[in-house]
Structures are given as C-alpha cells and as structure tokens.
Amino acid sequence: MMFKRILLLVVCFLGSVFMVILLCFFSDGFRHNKNNFIRLLPPSKVTPGNILDFKTQGWNFAGYSSDSIYLGNLYTPDRLVKVDSELRDTLAVKLGIPNRTKLTKGYTNLVDDSSVYTLDGNRPLLLAGNKSNRVLASASKPPFFTQAIHTGGNSFVLRVVQAGQNKLVTYRTDSVGFKMAAKLLEKQVDGIFCTDGNLVKVPNSNKIIYVYYYRNQFICTDDNLNLLYKGKTIDTVSHAHIKVDYIKSLNETTISSPPLYVNKQSAANEKYLFIHSALIADNEVAESLEKVSVIDVYAVKDGKYQFSFYLPDFRGNKIKDFRVYGQSLYALYDHYLYKYQLNF
Amino acid sequence: MKVMNLKAKTVTIDGISALFILLFVYAALTKVMDYQKFRIELGKSPLLNSYAKIIAITIPGIELLISLLIAIKQFQYYALYLAFSLMAVFSAYIVAILKFSPYVPCSCGGILQNMTWTQHLIFNMFFLGLGVAAILLYPKRPKNLL
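Residues numbered from 1 in each chain as written. Chains lettered and ligands numbered in written order. Predicted model: local features only at pLDDT ≥ 70, side-chain atom pairs only at ≥ 80, totals over all residues. Heavy atoms only, no water.

K.L.:
I keep staring at the overall build of chain A and nothing clicks. Help me out?
P.N.:
Looking only at helices and strands, one finds 1 helix and 26 strands in chain A. Each of the three principal axes of chain A carries a C-alpha extent, and together these read 85 × 50 × 45 Å. Expressed as a percentage of its 344 residues, the buried residues of chain A come to 49%. Here the analysis covers contacts within chain A between residues at least 6 apart in sequence; of these, 46% occur between residues at least 24 apart. Here chain A holds 41 positive side-chain charges and 29 negative ones, and the gap between their average locations is 4 Å. (Helix = DSSP H or I, 4+ residues; strand = E, 2+ residues; numbered from the N terminus. Buried < 20%, exposed > 50% of the residue type's maximum accessible area, 1.4 Å probe, protein only. Contact = heavy atoms within 4.5 Å. Lys, Arg positive; Asp, Glu negative; His and termini not counted. Charge placed at Lys NZ, Arg CZ, Asp CG, Glu CD.)

As structure tokens, this is what we get:
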C-alpha cells in the first residue's frame, strides 16, 4: 500500500512538472525568434581603461566640462563628484541649493562649461547657478516634465506629458517659456509608454536625438525641434509591442504584457550615436550575449548604421548607463565607473 | 507507520488539510478580489502572457475546488493528491521562472506578495512535504482502493 501511494505521488509530481514544461514550450516569452538582422562586429573598436569604485549607490551622469566628468548622486542633491578624464582623481563639489528646496527622486543635475543646473520635473523646478561659485537659485517655473537636456544658454528641451501623450518642447528660462514642437513623437499604442525613449544631446552641435525604447526608430532634430531626419535602428521592430491596462484598485495605468525592448540607453559624441541594443542579431548566439552589452553605432549626420561592439559586464553587473565624451566612453556599472577608449 | 496511533494520525492529517484549505482559500480570494490586477500581473510573466486570461480564472477556481474536496471527508484522501500536484505545478513554475526565463517578473499579486521568489519556492517545498506526510499517514480504510 505504501509503495502504491509513493508511486502515485511520484506520478503526480512528474505530471505537474511535465505540465509546466509544456507551458514553457508553448509560451511566447521562451521562444527565441529570429530577429532578421545582422550586426557588424569588427574587432578591437574599444580598449578598456581605468576603473573607479564609488563604493556607494545612486550615481548618474551630470555632465562634462574641461576634461572632467561630473556625476550626481540620487541621495546627495547638494553634492556632485568631479572625476578627471582618466578616472584617477575625484573631488566633491558642493552646490549651494536654496534652503527648503524639496526634491523628488526624479531630480537631475546638469553641468556644462559655465553653468550648473538642478532640475526636478515632478515638482517642477529648475535651479540654475554659475559654475564658478556654484550657488543655485530658482531660474523660473518650468512645466511638469519627465526628461530634460540643456541646449545652451538659457534653453532646454523637455519631454512633457500633454493630453495623455509624450511631447517634446523647447523651454527658455526667460519670458519666452515653452514652445510645443509639431508632432515629433508618434503615438503607436497609448502615447505614453509606446513613445517612451531617451533624449540625447549631440555635443558641440545643435542636434538633438530621441531614441525610442520599444521600436526601431530615432529622430534627429535641431535645438528648435525642427525635424532633421528619422533614423532606423538595424532591427525590424517597427511597431511597439506593448499592451497597457488600467488597474482600478491602484488607479494607475501599467504595461500589461512584457514589453519588447529594442533600445535601452543611448549616448552621442560629435560624430556618432551609440545605442545599447536589447535585441540579438541572427549572426549572434544567445550565450555570447549573456555577459556583455551590445552597443550599436550610427552616424549622427544621417542616422546610418556603422557597426557594433560589446561592452563586457563588470563583476556581474551590466552597464546601467553610459556617456561618450570625445574618444572616451564612460560606463556606469552599479557603483563602478569604467572608461573605454574608442578606436574610431 | 506504526509509530502513531490512529487518533494522532487523524489529527495530523486534519491539521495539514486545514493548512491547505487556509492557503488555497486565502490565495484564491486575494486573486479574485483584485482579479484585474492579478490578470495584468500574470500577463507580465514571460511564461503565462499568452494565456493570462484563462489562467487568471482557472487558478482560483481550482484552488477553491480542491479546498472544498479536502473539506469533504470522502474525498479528502484524493483531494490531498490534487493539492500536492497543484503545489508541484507552482513549484515547477517558480523554478522555470528563476532558471530559464529571460527575465524575472515581479511576483504575482495576492498571496504572500512580499516574499522573494526563492522564499516562495521554499514555502512551496514545505507544503509539498506536508502533502506527502498527510498522504502517507492516511489510515487504511476498507473502502479505500489503495
């Protein structure tokens, strides 16, 4: 009797496991479809350089000026860290932020050659200061925004939500205020999630690039948001694969099926646009991508694909964000900053 | 199984049965009460997204049905096999998510949503063990086929 019971238990167990295996077999998420594109992977396009360990979390790029990189930290709004381009020295930079300034977790610091800015799109507020004395004061009252870049002088480009859709606007801290651009971001599903992406400023030029997360497109405009061209990334996902649903009990709209990421972070130097791609090419095997991040390179002038290279994971961490300043690529891996030299 | 007398066995089995009923009824109710959220959470799972709608209805249904069967004395013995199998399915699903999925979704709403996936797996293993114990301890009755 005992034997029969044990046998029956084993049968039940194996049956259950088999059901889940069948489920795996038939589910979309586990199928590795071909993506129908090929990557060019020429050797030695990047050379690894120095590494800096911050030991604490929460770092993000704030800007670049005269051979130094500035990083902000989520937990210390009034302090930036200045790192020399070879990642040898770090220097804490104290910012004079007005008393009783309340910042949300969505705040960002921006640094350029002459100015320092602290922006928070959720409040919303925009503090501006001179880089020499680093005392910040409220410059003006911007609209609510979800992304911001500085385009020189007192001009910014902001991403705002208007009528339930993401829009790009130009914003000036003087009396001009903000100006809506004509239909730049194209709605495919819901207008918010489907148009989500990364706003990138091309250094030393008036170009701005917006790279969509969920489709194979990016747009390039001038700093007045006049469309210069629409670029295509090399994959074939032209339509955002996302579904959104509204959860009544939480009063929030959320993505209701796993979104298909096409492009993750993006960055640009004067000549090239760098996109951290989320998709595997037909000439790559999944195993070889497990411990690297793929960066696809496009020409800024016309959006044409050039080639790709891999950035290896560092101590088990994937790159979180990266910037390219001149011939140097700086990647943030959790609390490590890693420099790569570009050989092109 | 001579170590325990019949009464001790019955008490143990009923205790385990009560735990299963508690677990399944609680799990089913939290899913049904916020059905929409549960369905959306299921949709985010790389394994279940194409079947989210069907699974969102059938899982709480099966949980309630098994609880009912465990509560009825005549069906208790066989219902324990069903409970064991359901826990095995959940455990296998968690292993599949942890080991083979391209990414780990946030844990499904409802029951014990503060547990990590690994904690969840250990919790399930514990219930699998309880199920095995209850079935092996089940007293032989003349009517029983096994």
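K.L.:
Where do I start with the environment of Ala27 of chain B in this structure?
P.N.:
Structurally, Ala27 of chain B is set in helix α1 (residues 6-33). The spacing of Ala27 of chain B and Leu64 of chain B is 37 residues in sequence and 9.1 Å in space, taken between C-alpha atoms.

K.L.:
I tried to follow the pairing of strand β8 (residues 125-130) of chain A on my own but got confused; where do I start?
P.N.:
The two faces of the sheet receive side chains in turn, since in a regular strand these alternate between them. All names here are of chain A. Here strand β7 (residues 115-120) runs beside β8; their pairing, made up of 6 bridges, is antiparallel. Bridging from a neighbouring strand, Leu119 pairs with Leu126 of β8. Taking the residues between adjacent antiparallel strands as the criterion, β7 and β8 are bridged by 4 residues. As judged from the 4 bridges shared by β8 and strand β9 (residues 136-140), these two strands associate in the antiparallel manner. Among the inter-strand pairings, Leu126 is bridged to a residue of β9, identified as Ser140. The turn joining β8 and β9, which pair antiparallel and follow one another in sequence, is formed by 5 residues; a positive phi near 55 degrees is taken by Arg134. (Pairing = 2+ DSSP bridges.)

K.L.:
Teacher, can you tell me more about a positive patch on the surface here?
P.N.:
Residues Arg100, Lys102, Arg123 and Lys141 of chain A make up a contiguous surface patch of positive charge. A relative accessible area of 83% means that Arg100 of chain A is categorised as exposed. (Patch = residues over 30% accessible without salt bridge, like charges linked within 9 Å, V, L, I, M, F, W, Y side chains within 5 Å. Areas by Shrake-Rupley, 256 points an atom, 1.4 Å probe, with all protein chains shown as cover. Salt bridge = Lys/Arg side-chain N within 4 Å of Asp/Glu carboxyl O.)

K.L.:
Explain the sheet that holds strand β17 (residues 227-232) of chain A here, please?
P.N.:
Pairing between the strands of a sheet comes from backbone hydrogen bonds, and it takes one of two forms, parallel or antiparallel. All names here are of chain A. One open sheet holds the 4 strands; their spatial order is β14-β15-β16-β17, and the pairing between them is antiparallel. Each having just a single partner strand, β14 (197-201) and β17 make up the two edges of the open sheet. Direction aside, the axes of adjacent strands within the sheet are offset by 20 degrees on average. (Axes fitted to C-alpha atoms, helices over the stretch in contact; angles between N-to-C directions.)

K.L.:
Looking at this structure, how should I read the nonpolar core?
P.N.:
For soluble globular proteins, the rule of thumb is that nonpolar side chains tend to be buried together. Counting residues in hydrophobic clusters, the biggest one holds 45 residues, and the most contacted among them are Phe20, Phe24, Leu42, Leu47, Leu80, Met87 and Tyr93 of chain B. For this core, the leading source of residues is helix α4 (residues 73-100) of chain B, giving 16 residues. If you look at the next biggest cluster of nonpolar residues, it comprises 21 residues, including Tyr272, Phe314, Val324 and Phe344 of chain A. (Core = buried A, V, L, I, M, F, W, Y, C linked by side-chain atoms within 4.5 Å.)

K.L.:
Looking at this structure, I do not really get the confidence of the model for chain B. What am I missing?
P.N.:
Where the model shows low pLDDT, its predicted coordinates should not be examined in detail. Per-residue confidence for chain B gives a mean pLDDT of 81, with 81% of residues at or over 70. When pLDDT is averaged over each element of chain B, helix α3 (residues 52-71) of chain B comes out on top at 90 and helix α2 (residues 35-43) of chain B at the bottom at 76. (pLDDT = per-residue confidence, 0-100.)

K.L.:
Is there a simple way to think about the pattern of salt bridges in this case?
P.N.:
A side chain with one charge can pair with a side chain of the opposite charge if their charged atoms come near. All names here are of chain B. With the rule as written, the count across this model stands at 10 salt bridges over all chains. The shortest N-O distance in the salt bridge between Lys73 and Asp14 comes to 3.2 Å. Here the residue Lys73 occupies a position in helix α4, and Asp14 occupies one in helix α1, the gap between them amounting to 59 residues. For the salt bridge of Lys31 with Glu63, the shortest nitrogen-to-oxygen distance reads 2.9 Å.

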